[in-house]
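The residues making up each chain are set out below.
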Amino acid sequence: MKKGTIIPSKHRMSKLAAVLMGFAAFSVSATSHAADDEADGKWTFGGAIRARYDYRSYVDPTVSRVSLDVIRVKANYDSSSWFAAGQYRFYGGSYPYDYTSQLGRINFPEFAYVGFKFSPEHRVIAGINQVPFGLLPYASNTFYETMANVVGLEDVQNLGVKYQYKSGPVDLQLGFYPTDGGDWAGTSRDSNRYSTNVVKSDSYVTGGSDNKERNQWVARAAYTFTHSEASSSEVGVSVMHSTLRNLDTHENGDRDAYAVHYLGKFGRFALMGEAAHQDMDPKNPASVGKDTVTFGAYDGSFNVASKGNVYSLDASYDVDWKWRFISDVKPYINYSVFTKDKDGFKDSERLLAGVQFTAGPLFVYTEYRLGRNDLYTGDFTQGAGAGGEDKWKRSLYMNFGYYF
């Protein structure tokens, strides 16, 4: 991938301090509220230490390495009226972040929010929280997620306010996010973050652009049909609109996205499907053009085609089987593709087949990945844009997590 030596700015660190101070203030007020009015508020704390194994045959020499993945800490609060949650991640010092020598050199929050329950059906959430778009919380069972994640339409945590209404089979959500989840600590110019957001490009991204997303409106509606005691089907639709502010031309462009999704549960078998369209009209300089927008996450940035469709299909099965310390076995398979509207741009595809299971105190993912023009399988900066080598490449990935 890339290398860099940029030191986190005071502005980045001040955001971390603001989040921590906010949680401290909320802890006092929420605990006081629970003591005075409810006496049911409770904080819980935990985290995870994860290791990884990577086998990548598409590089020379072939990669076959065991390394530390992430250290993660979290806090949760819940009462009959208030709730809150925060999770923070630390990377660096080991593959694929071995371009840094220090563990924790790359760090950022996944989410940090506070919520209030008006009633069992109505609640509001404020802070860095998940954008309610498409299948939730993920569009697949995989570790690496789908092409929807690559183009910023899956597992996105932005800073804003979200309203939720859930009653019986009806699930309605409306969110407003004036800004993204923020740029934190790392080596990237603007991609030190958990979520895949529109960012300012790093110098290694040929044809990169400098945009910031603002005033994102999102609406999602879903309905669940119950077929039997053990089977159901959820169908839903999502829409999104936001402003893309170009930092070179100082002009505003637009980003629009739409999606329909399906989630079927039939006993131990589950089926997930999603189709989404994204249309971005950036006001990039003429030297850059309007055909791509630079996105970034996990300390790296890359180009994404401005217009295209994402399709994803995922199947999984919960195996009713235990053997010694092995349990909770779930095999799965997922195929996703990003088809691009621009003539000459190569479609991006990803096929994932794997199994997740519990092994004593560990939760394990084992995943075989095939990718073509896939940024996480050999075509990082341009795969989701104009395309890469247009060849299928393969990788094996394992993740071992100890959660506490």
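Keep in mind it's a predicted model, so treat the numbers as computed, not measured. (Residues numbered from 1 in each chain as written. Predicted model: local features only at pLDDT ≥ 70, side-chain atom pairs only at ≥ 80, totals over all residues. Heavy atoms only, no water.)

**Considering the overall build of the protein**
No. 1: Each helix and strand in the protein was counted, giving 2 helices and 19 strands.
No. 2: Over its C-alpha trace the protein gives a radius of gyration of 21 Å, about what one expects of a compact globule, namely 22 Å for 404 residues.
No. 3: Across its three principal axes, the protein shows a C-alpha extent of roughly 60 × 55 × 45 Å.
No. 4: Taking the contacts inside the protein whose residues are at least 6 apart along the sequence as the reference set, 63% of them involve residues at least 24 apart.
No. 5: Counting only carbon and sulfur atoms, one obtains 59% of the accessible surface of the protein, whose full area is about 17,600 Å².
No. 6: Seen as two clouds, the 43 positive and the 45 negative side-chain charges of the protein have centres 5 Å apart. (Helix = DSSP H or I, 4+ residues; strand = E, 2+ residues; numbered from the N terminus. Rg over C-alpha atoms; globule rule 2.2 N^0.38 Å. Contact = heavy atoms within 4.5 Å. Areas by Shrake-Rupley, 256 points an atom, 1.4 Å probe, with all protein chains shown as cover. Lys, Arg positive; Asp, Glu negative; His and termini not counted. Charge placed at Lys NZ, Arg CZ, Asp CG, Glu CD.)

**Some thoughts on the pattern of salt bridges**
No. 1: Scanning the entire structure with this criterion turns up 26 salt bridges.
No. 2: Of the charged contacts in the structure, one is a salt bridge between Asp-279 and Lys-307, with a shortest N-O distance of 3.3 Å. Highlighted residues: Asp-279 in strand β12 (residues 269-281) and Lys-307 in strand β15 (residues 307-317), separated in sequence by 28 residues.
No. 3: The partly exposed category is assigned to Asp-279, whose relative accessible area is 28%.
No. 4: By relative accessible area, which is 32% here, Lys-307 ends up partly exposed.
No. 5: Overlapping salt bridges bring together Arg-50, Arg-52, Asp-54, Arg-56 and Asp-69 as one network. (Salt bridge = Lys/Arg side-chain N within 4 Å of Asp/Glu carboxyl O. Buried < 20%, exposed > 50% of the residue type's maximum accessible area, 1.4 Å probe, protein only.)

**Things to note about the side chain of Gln-356**
No. 1: Tracing the backbone through its elements, the reader meets Gln-356 in strand β17 (residues 348-359).
No. 2: Overall, the relative accessible area of 10% leaves Gln-356 in the buried class.
No. 3: Residues within four places of Gln-356 in sequence aside, it is in contact with Asn-141, Asp-328, Val-329, Lys-330, Tyr-332, Phe-363, Val-364 and Tyr-365.

**Here we look at the nonpolar core**
Among soluble globular proteins, nonpolar side chains are generally buried collectively.
No. 1: Ranked by size, the top nonpolar core spans 32 residues in total, and within it Phe-133, Leu-153 and Val-304 carry the most contacts.
No. 2: Broken down by secondary-structure element, the contributors of at least two residues to this core are α2 (147-150), β10 (231-246), β11 (252-266), β12, β13 (292-297) and β14 (300-305).
No. 3: Counting residues in each nonpolar core, the second largest holds 10 residues, with Ile-106, Phe-108, Ile-128 and Tyr-194 among its members. (Core = buried A, V, L, I, M, F, W, Y, C linked by side-chain atoms within 4.5 Å.)

**Observations concerning the pairing of strand β3 (residues 82-91)**
No. 1: The buried fraction of β3 is high, at 8 of 10 residues.
No. 2: Pairing of strand β2 (residues 63-78) with β3, which is carried by 8 bridges, proceeds in the antiparallel orientation. Following the sheet pairing, Arg-72 is matched in β3 by Arg-89.
No. 3: The hairpin formed by β2 and β3 contains 3 residues between the paired strands. (Pairing = 2+ DSSP bridges.)

**Overview of the sheet that holds β14**
No. 1: The 3 strands are arranged β8-β13-β14 in an open sheet whose pairing can be described as antiparallel. Edge positions in the sheet fall to β8 (197-198) and β14, since each has one partner strand and no second.
No. 2: Where β8 lies against β13, 2 bridges are found, and the strand directions are antiparallel. Each bridged residue has a counterpart across the sheet, and for Asn-197 the counterpart in β13 is Gly-296.

**With respect to the environment of His-277**
No. 1: Residue placement: His-277 occurs in strand β12.
No. 2: Overall, the relative accessible area of 23% leaves His-277 in the partly exposed class.
No. 3: Ignoring any residue separated from it by four or fewer positions in sequence, one finds His-277 in contact with Asp-256, Ala-257, Tyr-258, Gly-308, Asn-309 and Asp-341.
No. 4: A distance of 3.3 Å separates a polar atom in the side chain of His-277 from the backbone oxygen of Gly-308. (Polar contact = N/O pair within 3.5 Å; in protein donor to acceptor, adjacent residues only side chain to side chain.)

**Examining the pairing of strand β5 (residues 122-130)**
No. 1: Pairing analysis gives 6 bridges linking strand β4 (residues 106-117) to β5, with the strands arranged antiparallel. Residue pairing for β5: Lys-117 is matched across the bridge by Arg-123.
No. 2: Connecting β4 to the antiparallel partner β5 that follows it, the hairpin turn spans 4 residues.
No. 3: Both β5 and strand β6 (residues 157-167) contribute to a ladder of 9 bridges, which runs antiparallel. The partner of Val-124 across the bridge, within β6, is Tyr-163.

**Observations concerning the side chain of Gln-216**
No. 1: Considering the arrangement of structural elements, one finds Gln-216 in strand β9 (residues 211-228).
No. 2: Residue classification places Gln-216 among the buried positions, given a relative accessible area of 3%.
No. 3: Among the polar contacts made by the side chain of Gln-216, one reaches the side chain of Asn-158 at a distance of 3.2 Å.
No. 4: When sequence neighbours within four positions are dropped, the list of residues in contact with Gln-216 reads Val-131, Asn-158, Gly-175, Phe-176, Tyr-177, Met-240, His-241, Ser-242 and Arg-255.

**A word on unusual backbone geometry**
No. 1: Each neighbour pair has its own omega, and for Asp-60 with Pro-61 the value is 5°, a cis peptide bond.
No. 2: Its place among the elements puts Pro-61 in the loop between β1 (42-56) and β2.
No. 3: Going from Tyr-95 to Pro-96, the amide bond is cis rather than trans, its omega being 0°.
No. 4: Along the chain, the position of Pro-96 falls in the loop between β3 and β4.
No. 5: Non-glycine residue Asn-215 carries a positive phi angle of around 50°.
No. 6: Residue position: Asn-215 is located in strand β9.
No. 7: If you check the backbone angles, Asn-373 has positive phi at about 55° while not being a glycine.
No. 8: Relative to the elements of secondary structure, Asn-373 occurs in the loop between β18 (362-372) and β19 (392-403).

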